[in-house]
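The chain contents come next:
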Amino acid sequence: MVHSVDQLAVDTIRVLAADMTRGANSGHPGAPMGCAPMANVLFTKYLNVNPKNTKFINRDRFVLSNGHGCALQYVLLHLLGFDVSMDDLKNFRQVGSKTPGHPEVTDTPGLEVTTGPLGQGISNAVGLAAAQEHFAATYNRPNYEIFDNYTYVILGDGCLQEGVALEAISLAGHWKLGKLICLYDSNKITIDGETNISFTENVRMRFEACGWHTTGVADGNNDQEAIGKAIEEAKAVKDKPSLIEISTTIGYGSLIENTSKAHGSPLTPDDIKQLKQKFGFNPEEKYVVPQTVYDLYNSRTLHGQEYEASWNTLFEKYSKEYPTEAAEIERRFAGDLPQGWEAALPRFTPSDPAVASRKASEIVLNAIAGTIPDFMSGSADLSSSNLVRWKSAAPFQHPSTGLGDYKGQYLFYGVREHGMFAVMNGFACYGGIIPIGSTFLNFLTYGWGSVRLSALSHLRVLYVMTHDSIGLGEDGPTHQPIETVALCRSTPNLLTFRPADANEVSGSYLVALNAHKRPSVLALSRQALPNLEGSSVESVSKGAYVLQDKPNAKVIITATGSEVSLAVEAAQVLNEQDIPTRVVSMPCTELYDEQPKEYKESVFTPGTPIVSVEALGVWGWERYAHAFVGMTDGQGSNIFGSSGPYKDLYKHFNITAEAVVKKAQDTIVHFEKLGYVPQLGVTI
């Protein structure tokens, strides 16, 4: 059978995807087989990347949003010469491989983002494209297009059914991101069957309503020329993102093509044999790439190297003419912070006025934003409540709106928590940006899928969550978080801060900004908090520290956030009763867990009863305390809050200094009768 080299490349991708999923005995062969033509056109004719330097700043970004088709991306990376070998393709979905079951940016060279949960990839891509526009507006100069890369996406029907995708798509249209081009694999199949059972809207009209340019390709199985023309048309549209609907057949060439069976299960050995015969391959051979296909992709690899070399020459000239800007670009993309930025962090004393920790956060941002230009901050329609916009932060908007420009560092995300978090991940993955996003803490779970991917992807992303407890008051239990902080604390690689006062807020930012590979959640109060004797910026890095102490303490009271001041009040009463009491502030349990045993025992002295205080659910505190004051029914079960002024709520739920005193007294008596104090946190 005679092939053109492009057709041979397409068919090679198809049979390789079939071999990989069969070899793993799991995976999704159908999407790679249907998407092979669009992927081949994109990767051999348009995508500007250098496989020998995956961190080339001005590379085009590619996102496979329908991550279940990841075999496609691994094959493409292999063909282009990224550090993905044929052995890696053979080890698809195996433990410790570079080719996991869904794309993970930490595992595979050449990936831009972690996808898999549908809708995340296209949403990340909006952040990637917005980042490019921001850097171009900030650093490009006449004759120096330092930032002009495109962001390309392949997405499918499943991606477009997710709510997060629509949130991000709407933002992309509003922001007029002309360098965002999406190739829509329109195969009309999902796992449950044909899309006519659940997804019958006109997708292109939806995108057009959101401000996108759209076009289509009728025969995505074969017409590579039409795909190329559609991409050229999209690139010519400068003020709108583009969607190219490409009609394809899932599992093209298979005996089960155009069925849901082709979506999520490997093809049978007999089906793979007939597939290879149909496409002119030896049915007895596996994992085969003809040399002419390698040559085709190698020519694009050489183009990418030349493309970067040309950019490097341009950047060298730019560096001589604009040395300050060039140095800042290099620093930012190295992930470093400006030298000495910590000196800008504000510090507070007990004589300073009490402020809500959300207000302290605003004070910190105003103090450091002039030193750190890396921030892109925003709120989900709660700017006046979240307070994450510093005074000089201009809005990020398309210049034609008259509302701002692409230099702006403040984003009005609208009521789109999940979209906001996913876009933030895109900002972080682009490089050079530290994204900050904010809403009420209780609505963190609206976008939890993206928060989890921040942690999995090792991204420096800051979630500044305000209204962190029943202390928000009258809005009631629909807005009062109970279980949210416990969820955060149980998530790997995520730092959760609940600072007790303004010093601890400064300290939380200090740690979060220096945590290059960890996202952070800052849980901040609505109500004013006193600045405490003994608090410090630096102590936050330990996770927990002795705030106030008495010799030979008979009880330790540990607390977080707004309840630390209650612990201090309770300790004063206990000390007056000749019950020496230590107060431990615990702004970040995860950091405390990472401390050496000697330090932990210096804070929580073995053999001393410990009482925890937190106006949230008590689950999780059994690792650190023997008794608990919190949002509980008294029998150990968490309970929801209620509406009312916050001081009344604290009394109603018995989270008061008096209640802490009583709990401490009862705990001491209990263990005196028991004759010993049990050790906490022992893993057997």
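The structure presented is a predicted model; accordingly, all values stated were derived computationally and were not measured.

Conventions and cut-offs
- Residues numbered from 1 in each chain as written.
- Predicted model: local features only at pLDDT ≥ 70, side-chain atom pairs only at ≥ 80, totals over all residues.
- Heavy atoms only, no water.
- Helix = DSSP H or I, 4+ residues; strand = E, 2+ residues; numbered from the N terminus.
- Rg over C-alpha atoms; globule rule 2.2 N^0.38 Å.
- Areas by Shrake-Rupley, 256 points an atom, 1.4 Å probe, with all protein chains shown as cover.
- Core = buried A, V, L, I, M, F, W, Y, C linked by side-chain atoms within 4.5 Å.
- Buried < 20%, exposed > 50% of the residue type's maximum accessible area, 1.4 Å probe, protein only.
- Contact = heavy atoms within 4.5 Å.
- Pairing = 2+ DSSP bridges.
- Axes fitted to C-alpha atoms, helices over the stretch in contact; angles between N-to-C directions.
- UniProt positions renumbered as here; feature names shortened; annotations may be inferred.
- Phe/Tyr/Trp six-rings, centres within 6.5 Å; stacked < 30°, edge-to-face > 60°.
- Polar contact = N/O pair within 3.5 Å; in protein donor to acceptor, adjacent residues only side chain to side chain.

Engineer: Outline the overall build of the chain, supporting the account with residue identities and numerical values.
Structural biologist: Each helix and strand in the chain was counted, giving 24 helices and 20 strands. For 684 residues, the compact-globule estimate of 2.2 N^0.38 gives 26 Å, and the C-alpha radius of gyration of the chain, at 28 Å, lies within 12% of that figure. Its C-alpha atoms put the chain at 95 × 60 × 45 Å along the principal axes. Carbon together with sulfur atoms contributes 50% to the accessible area of the chain, which is approximately 25,600 Å² in total.

Engineer: Can you explain the nonpolar core? Please cite residues and give values.
Structural biologist: Judged by nonpolar contacts, the single largest core of 73 residues is most densely connected at Trp-175, Leu-180, Trp-212 and Leu-444. Of all the elements, helix 5 (residues 120–139) adds the most residues to this core, at 10 residues. Not counting the four nearest positions on each side in its chain, Leu-180 is found in contact with Ala-125, Val-126, Ala-129, Thr-151, Val-153, Ala-172, Trp-212, Pro-241 and Ser-242. Grouped together as the second largest cluster of nonpolar side chains are 61 residues, Leu-64, Tyr-150, Ile-244 and Phe-279 included.

Engineer: Account for the sheet that holds strand 7 (residues 242–247), with residues named and values stated.
Structural biologist: If you walk across this open sheet you meet the five strands as 1-2-3-7-6, and the pairing is parallel. Edge strands, defined here as strands with exactly one partner in the open sheet, are strand 1 (61–64) and strand 6 (213–217). Going across the sheet, the axis of each strand differs from the next one's by a mean of 15°, ignoring polarity. For strand 6 and strand 7, the ladder comprises five bridges, and the chain directions are parallel. Within strand 7, the residue paired with Thr-215 across the bridge is Ile-244.

Engineer: Residues and numbers for the sheet that holds strand 11 (residues 434–440), please.
Structural biologist: Read from one edge of the open sheet, six strands run 10-9-11-12-14-13, paired in parallel fashion. Sheet topology places strand 10 (410–412) and strand 13 (495–497) at the edges, where each strand pairs with a single neighbour. Between one strand axis and the next, the sheet turns by 20° as a mean value, whatever way the strands run. Sheet topology places strand 9 (residues 375–379) next to strand 11; five bridges connect them, and they run parallel. Across the sheet, the residue bridging to Gly-378 is Gly-437, located in strand 11. This element, helix 16 (residues 417–430), spans strand 9, strand 10, strand 11 and strand 12 (462–466) of the sheet and lies at about 165° to strand 11.

Engineer: Could you give an account of the environment of Pro-37, naming the residues involved and the relevant values?
Structural biologist: Among the secondary structure elements, Pro-37 is positioned in helix 2 (residues 30–45). Linking Pro-37 and Leu-171, residues 134 residues apart in sequence, is a C-alpha distance of 29 Å. Residues in contact with Pro-37, not counting those within four places in the same chain, are Val-10, Arg-14, Gly-220, Asn-221, Gln-224 and Ile-227.

Engineer: Summarise the environment of Ala-24; cite the residues concerned and give the values.
Structural biologist: Structurally, the position occupied by Ala-24 is in helix 1 (residues 5–24). The buried category is assigned to Ala-24, whose relative accessible area is 15%. Between the alpha carbons of Ala-24 and Pro-266 there is a distance of 8.4 Å; along the sequence they are 242 residues apart. Setting aside its immediate chain neighbours within four residues, Ala-24 contacts Phe-92, Arg-93 and Gln-94.

Engineer: An account of the UniProt feature "binding site: substrate" (unreviewed entry) in the chain is needed here, citing residue identities and associated values.
Structural biologist: When the UniProt feature table is mapped to this numbering, "binding site: substrate" (unreviewed entry) covers His-28, His-263, Arg-358, Ser-385, His-467, Asp-475, His-479 and Arg-526. In sequence the annotated residues extend across 499 residues, and in space they extend as well, their farthest C-alpha pair lying 48.1 Å apart. Secondary-structure assignment places His-263 in helix 10 (residues 261–264). Under the relative-accessibility criterion, His-263 is labelled buried at 9%. In this view, His-263 contacts Gly-27, His-28, Pro-29, Gly-30, His-68, Ile-191 and Ile-250; residues no more than four positions away in its chain are not counted. One can find Arg-358 in helix 14 (residues 357–368). Not counting residues within four places of it along the chain, the set of residues in contact with Arg-358 comprises Ser-384, Ser-385, Asn-386, Leu-387, Thr-466, His-467, Leu-524, Ser-525 and Arg-526.

Engineer: Can you break down the packing of aromatic side chains residue by residue, with the values?
Structural biologist: Using the criterion set out here, one finds 31 aromatic pairs in the structure. Between Phe-135 and Tyr-430, the aromatic rings sit 5.8 Å apart at their centres with planes inclined by 20°, giving stacked as the arrangement. With Phe-135 in helix 5 and Tyr-430 in helix 16, this residue pair connects regions lying 295 residues apart in the sequence. On the basis of relative accessible area, Tyr-430 is assigned to the buried category, the value being 2%.

Engineer: Hey, could you go over the side chain of Arg-332 for me, with residue numbers and the actual values?
Structural biologist: With respect to the helices and strands, the residue Arg-332 is situated in helix 13 (residues 323–333). Within the structure, Arg-332 has its side chain in polar contact with the backbone oxygen of Gly-432 (distance 2.8 Å). Apart from the residues lying within four places of it in its own chain, the contact partners of Arg-332 are Phe-135, Tyr-139, Pro-373, Asp-374, Gly-432 and Ile-433.

Engineer: Can you explain the side chain of Thr-301? Please cite residues and give values.
Structural biologist: In this fold, Thr-301 is placed in helix 12 (residues 291–321). Here Thr-301 is in contact with Pro-51, Leu-80 and Gly-81, once residues within four sequence places are set aside.

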